[in-house]
Amino acid sequence: MPSPSHVLCAFALALAIPAAAWAQLVPGWNTKQFTLERLDAERVRLMREVEIEGEKGSPNEGQKFFADDLELNTRTGELIAIGNVVFSTPEARIAADRVVFNTRTRLGTFTNASGIASLGERGEQDRSMFGTMEPDVYFYGATIEKVDVDKYRIDKGGFTTCVQPTPRWEIVSGRATINLDDYALLRNAVIHVKDVPVFYLPVMYYPIQGDDRATGFLLPTYGRSTYRGSSISNAFFWAISRSQDATFMHDWFMSRGQGMGTEYRYVLSGQSQGDFRYYYLKEKESTVSTSRGAVTEPARTSYQVNANVSQGLPLGLRGRARVDYFSNITAQQLYNNNLYQQQFSTRAVGGGVSGAWRGLSVSGTFQRTESFYNSNDSFVNGQAPGVVASFSGQRLGPLPVYASVNVDATRVLYQQKSGTSIADWGLGKVDVLPSLRAPLSSLPFLSVNASIGYRVTYFTESLDPSTRRQIEEAVTRRYADMRAEVVGPVFTRVFTPNNAFADRAKHIIEPAFTVQRITSIDTQNRIPTAASYEYVVGGVTRLTYGLTNRLLVRRGGGGEGAQGSGTGTSGAPRELLSVGINQSYYSDENASPFDNSYSYSMFARPPSNFSTVSLVARAMPAQAVGVDFRMEYDPIAEEKKIVGFGLNGLVRSRVVEASAGWNKQNYQFGNQFQSNHYVQQTTTLRFAGNKVGGTVQFNYDIGRSTMLNQRYIANYNAQCCGIAFEYQSFNYPSLDPRFPVPQDRRFNFAFTLAGIGSFSNFFGTFGGRTY
């Protein structure tokens, strides 16, 4: 306590010195206080509601202190403040009971302190992590030591990015180091959710880097599966640079074993980027309890490799490569969360180089694809390698005739594998097709195009005419392809409804007619049918006729009405409805099964002089809504007249994104009929600026009355944390011994903190998304 004489001297000094002279006693600072005392030539003491702020342009600029009692050394910058101390800078604010600080080095120690600091640009770049709150980090401790410009050391404290009065989460630790531009490193850390401890880590690294990419551990994902038991997945993210990163993952399946994987991604330019993924799974021998009883699963190891690379090359070339490979089909189907990968497991390796110069384009390709029917049987196809060159659009002098040439040289892969036996029908093929095309009409309502091409194809193998077996004897196929296409006359009518839906509407009726003649092929019965991928029947005339109706609508001069109708850009026409119907006639019925214009009936019905009737309809009631319907009808069939149909719809908006499909296809083999009949849908909802959302997905086999797969995802994001749940069930074939459980139920849970995301593991939890 100051003596009475000191108080009287200070009071006399305060009366004697004008307010404008305080700055001379505390140079470099603007001060406010009730009492000021000079202790010696270098030290001053300010008392009672003290406020000092660094003068603009001085070394102290940007620093501000509030305290009950403050002592400052004006030469060294050492400062001691006691009682209701607040230290403030443009980036941070710390409150404490006592502070020992150096205003020159801007370092010091705060006792019984709490602080808040801004994450700066990083928080502004991803405000979704913080909701409506400012992107700040809040920290507290028995002592907080400021050891660098943006670096703090905390003893017996914690921190959170939730700045509500009662934070939704916080991390408490014995000792922590926080670098506002990089990370927070905590020892003996305990994560609290609403003051409830939920997780302990001896060491925790929490990224708070100055941009939106930070090295550190991602929060673990927890799961439960009928087959795999309980599981926990962890990942470490390494932000190598702004253009590349890597993620290291580990999965622990308590009933089956462990898996480890890594992913590397890079982006060098718009044309040069890639990602690589590798996963190793080691399963232990275990007993799985099922409705059929206990099943012993063997120990096994497997791996998975995925890569996708695109690279710009000199001379206008571009290289690409893709790998989707797995070593064990059973592991792939038991662990995968993607229904397509789980049911139709295919592994592929491919790549190529392509380039285009004026009218010439050249590409070299290698592609090997193996599709598995089960663990022992598979089908291999592809090109190893293939080179394609095309020269198109060259006008022949003043004539309205355009020439093109296509050359394709390929080593075709085609194998059927069953156990250890391999049936190989691969062969070499060189295909040359020069052609001429001439537009014969310039009328706006009538389009007529004629073309002629002469195709020569050389196969290194052929069919033995007597045994119908493929033999190593070359054969050449030659034929001419002549075609005329007529579209029109086109009839149009314009309406002006001038309502909320459209200002103008245009109805178009568009008939179309095509005649094609393929000359006879002398070597028809020797052309290989297995590996050629396309089989041409010679000596055939094909007539195709059809009619298309289109309805176009357009909204006029903008305004709220135009936007609300979802018509997109003001004044741009939109195809509201399109309905087309067509059929073909073949002079030789044997050509009908090989016409790929009718995908549902190709190889699915007996030969006929008439194709199925194809109906294609598309509707777009609004810019965010689309419907597509395709159907093929067989008018001459005695039963199963509808060969196949597909109905698909899509809705996209800020709140809902939904897609649904209904597909059926009938196959006829002699007098026997088989069919595939499925319905599937996926709906994703987002509410309150993506604060609450979820996904519902299912795939149902109508023909077999079986729910193949169903998935439900729900997520909630608060101001600074979030939570996500996933439930999924798979029904496996009951008679397949590879699947020990008839149904695998899977539950996954992920928790997120602002600045730390969750992740989707290699098998696609949460639909392959992160939260």
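Residues numbered from 1 in each chain as written. Predicted model: local features only at pLDDT ≥ 70, side-chain atom pairs only at ≥ 80, totals over all residues. Heavy atoms only, no water.

Q: I tried to follow the overall build of the chain on my own but got confused; where do I start?
A: Helix and strand content of the chain: six helices and 44 strands. Summarising the internal contacts of the chain: among those between residues at least 6 apart in sequence, 49% fall at separations of at least 24. For the chain, the accessible area works out to roughly 39100 Å², and carbon and sulfur atoms hold 57% of it. (Helix = DSSP H or I, 4+ residues; strand = E, 2+ residues; numbered from the N terminus. Contact = heavy atoms within 4.5 Å. Areas by Shrake-Rupley, 256 points an atom, 1.4 Å probe, with all protein chains shown as cover.)

Q: Would you take a moment to explain the pairing of strand β14 (residues 229–241) for this structure?
A: In this sheet, β14 lies alongside strand β13 (residues 216–225) in antiparallel orientation, the contact comprising eight bridges. Within the sheet, the bridge partner assigned to Tyr-222 lies in β14 and is Ile-232. A loop of three residues connects β13 with β14, the two strands running antiparallel in sequence. Alignment of β14 against strand β15 (residues 244–253), held across nine bridges, turns out to be antiparallel. Residue pairing for β15: Ser-233 is matched across the bridge by Asp-251. Linking β14 to β15, which pair antiparallel, is a turn of two residues. (Pairing = 2+ DSSP bridges.)

Q: How do you make sense of a nonpolar patch on the surface when you look at a structure like this?
A: Taken together, the side chains of Leu-315, Trp-357, Leu-360, Phe-391, Val-405, Val-407, Val-430, Val-432 and Tyr-458 present a nonpolar region at the surface, about 730 Å² in accessible area. One can find Tyr-458 in strand β28 (residues 447–459). (Patch = residues over 30% accessible without salt bridge, like charges linked within 9 Å, V, L, I, M, F, W, Y side chains within 5 Å. Salt bridge = Lys/Arg side-chain N within 4 Å of Asp/Glu carboxyl O.)

Q: So what exactly am I meant to see when it comes to unusual backbone geometry here?
A: Backbone geometry follows two general trends: most residues other than glycine have a negative phi, and most peptide bonds adopt the trans configuration. The omega torsion of the bond from Ala-384 to Pro-385 falls at -10°, within 30 degrees of zero and hence cis. You can see Pro-385 is positioned in strand β24 (residues 377–395). The residue after Gly-488, namely Pro-489, is reached through a cis peptide bond having omega 0°. With respect to the secondary-structure elements, Pro-489 resides in the loop between β31 (475–487) and β32 (491–495). Phi is positive for Lys-156, which is not a glycine, with a value near 50°. Summarising the element assignment, Lys-156 is placed in strand β9 (residues 151–160). Taking the relative accessible area as the measure of exposure, Lys-156 reaches 68% and is therefore exposed. Positive phi outside glycine occurs at Ser-705, with the angle close to 50°. Turning to its location among the elements, Ser-705 is positioned in the loop between β41 (692–701) and β42 (706–717). (Buried < 20%, exposed > 50% of the residue type's maximum accessible area, 1.4 Å probe, protein only.)

Q: Would you explain the packing of aromatic side chains in this entry?
A: For any pair of aromatic rings, the description consists of the separation of the ring centres together with the inter-plane angle of the planes. Scanning all chains against the criterion turns up 24 aromatic pairs. For the ring pair Phe-65 and Phe-87, a centre distance of 4.9 Å and an interplane angle of 35° mean the geometry is tilted. Of the two residues, Phe-65 is situated in strand β4 (residues 64–73) and Phe-87 in strand β5 (residues 78–88); the sequence distance between them amounts to 22 residues. Judged on exposure class, the residue Phe-65 and its partner Phe-87 are both buried. Here Tyr-712 and Tyr-727 contribute two aromatic rings whose centre-to-centre distance is 6.4 Å and whose plane-to-plane angle is 20°, an arrangement assigned as stacked. With Tyr-712 in strand β42 and Tyr-727 in strand β43 (residues 721–731), this pair connects stretches of sequence that are 15 residues apart. Following the ring pairs from residue to residue traces out a cluster consisting of Trp-29, Phe-65, Phe-87, Phe-101 and Phe-110. One Lys or Arg, Arg-347, reaches over the ring of Phe-326 and ends 5.9 Å from the middle of that ring. (Phe/Tyr/Trp six-rings, centres within 6.5 Å; stacked < 30°, edge-to-face > 60°. Lys NZ or Arg CZ within 6 Å of the ring centre and 35° of its normal.)

Q: Can you walk me through the nonpolar core in this structure?
A: Note that soluble globular proteins tend to have their nonpolar side chains buried in a common cluster. Membership of the largest hydrophobic core comes to 45 residues, with the highest contact counts inside it found for Leu-70, Phe-110, Phe-139, Phe-159, Ile-171 and Leu-186. Per element, the largest residue contribution to this core is five residues, and it comes from strand β6 (residues 92–102). Every residue in contact with Phe-110, bar those within four places of it in the chain, is listed here: Phe-87, Ile-94, Ala-96, Arg-98, Val-99, Phe-101, Ala-142, Thr-143, Ile-144 and Lys-146. Counting residues in hydrophobic clusters, the runner-up holds twelve residues, among them Phe-253, Tyr-335, Phe-730 and Val-741. (Core = buried A, V, L, I, M, F, W, Y, C linked by side-chain atoms within 4.5 Å.)

Q: Sorry if this is basic, but what is going on with the pairing of strand β34 (residues 540–554) here?
A: Residues in a regular strand point their side chains to alternate faces of the sheet. Alignment of strand β33 (residues 504–518) against β34, held across 15 bridges, turns out to be antiparallel. Residue pairing in the sheet places Ala-512 in a bridge with Gly-546 of β34.

Q: Explain the pattern of salt bridges here, please?
A: In a structure, side chains of opposite charge can pair up when their charged atoms sit close to one another. Tallying each qualifying case throughout the model produces 29 salt bridges. The shortest N-O distance in the salt bridge between Glu-71 and Arg-43 comes to 2.9 Å. Here the residue Glu-71 occupies a position in strand β4, and Arg-43 occupies one in strand β3 (residues 43–54), the gap between them amounting to 28 residues. The partly exposed category is assigned to Glu-71, whose relative accessible area is 24%. In this structure, a network of salt bridges that share partners links the residues Arg-347, Arg-368, Glu-370 and Lys-417.

Q: Before we go on, may I ask you to explain the side chain of Glu-726 in this structure?
A: Relative to the elements of secondary structure, Glu-726 occurs in strand β43. Take Glu-726: its relative accessible area is 1%, and that puts it in the buried class. Within the local environment of Glu-726, its side chain forms a polar contact with the side chain of Arg-711, the two groups lying 2.8 Å apart. (Polar contact = N/O pair within 3.5 Å; in protein donor to acceptor, adjacent residues only side chain to side chain.)

Q: Just checking my understanding: could you explain the confidence of the model for the chain for this structure?
A: Parts of the prediction with low pLDDT should not have their coordinates interpreted in detail. Taken as a whole, the chain shows an average pLDDT of 82; of its residues, 84% reach a score of 70 or greater. The low-confidence segment residues 4–20, where pLDDT is below 50, has eight contacts with residues more than four positions distant or belonging to other chains. Scored below 50 in pLDDT, residues 558–569 makes 15 contacts in the model with residues more than four places away or belonging to other chains. (pLDDT = per-residue confidence, 0-100.)

Q: How do you make sense of the environment of Phe-751 when you look at a structure like this?
A: If you trace the backbone, Phe-751 turns up in strand β44 (residues 743–753). A relative accessible area of 18% means that Phe-751 is categorised as buried. With 35 residues separating them in the primary sequence, Phe-751 and Tyr-716 have C-alpha atoms 9.7 Å apart. Excluding anything up to four places from it in sequence, Phe-751 contacts Val-193, Leu-219, Cys-721 and Gly-722.

Q: Sorry, what's going on with the environment of Asn-609 here?
A: Within the secondary structure, Asn-609 sits in the loop between β35 (574–586) and β36 (613–622). Since its relative accessible area comes to 27%, Asn-609 is described here as partly exposed. Note: C-alpha distance between Asn-609 and Tyr-585 (24 residues apart in sequence) is 5.7 Å. With sequence-adjacent residues up to four places away left out, Asn-609 is seen in contact with Ser-584, Tyr-585, Tyr-586, Ser-587, Asp-588 and Glu-589.

Q: What should I look at first to understand the environment of Val-172 in this one?
A: Of note, Val-172 is situated in strand β10 (residues 169–179). Distance in space between the C-alpha atoms of Val-172 and Tyr-140 is 9.4 Å, their sequence separation being 32 residues. In this view, Val-172 contacts Tyr-140, Gly-157, Gly-158, Asn-188, Ala-189, Val-190 and His-192; residues no more than four positions away in its chain are not counted.

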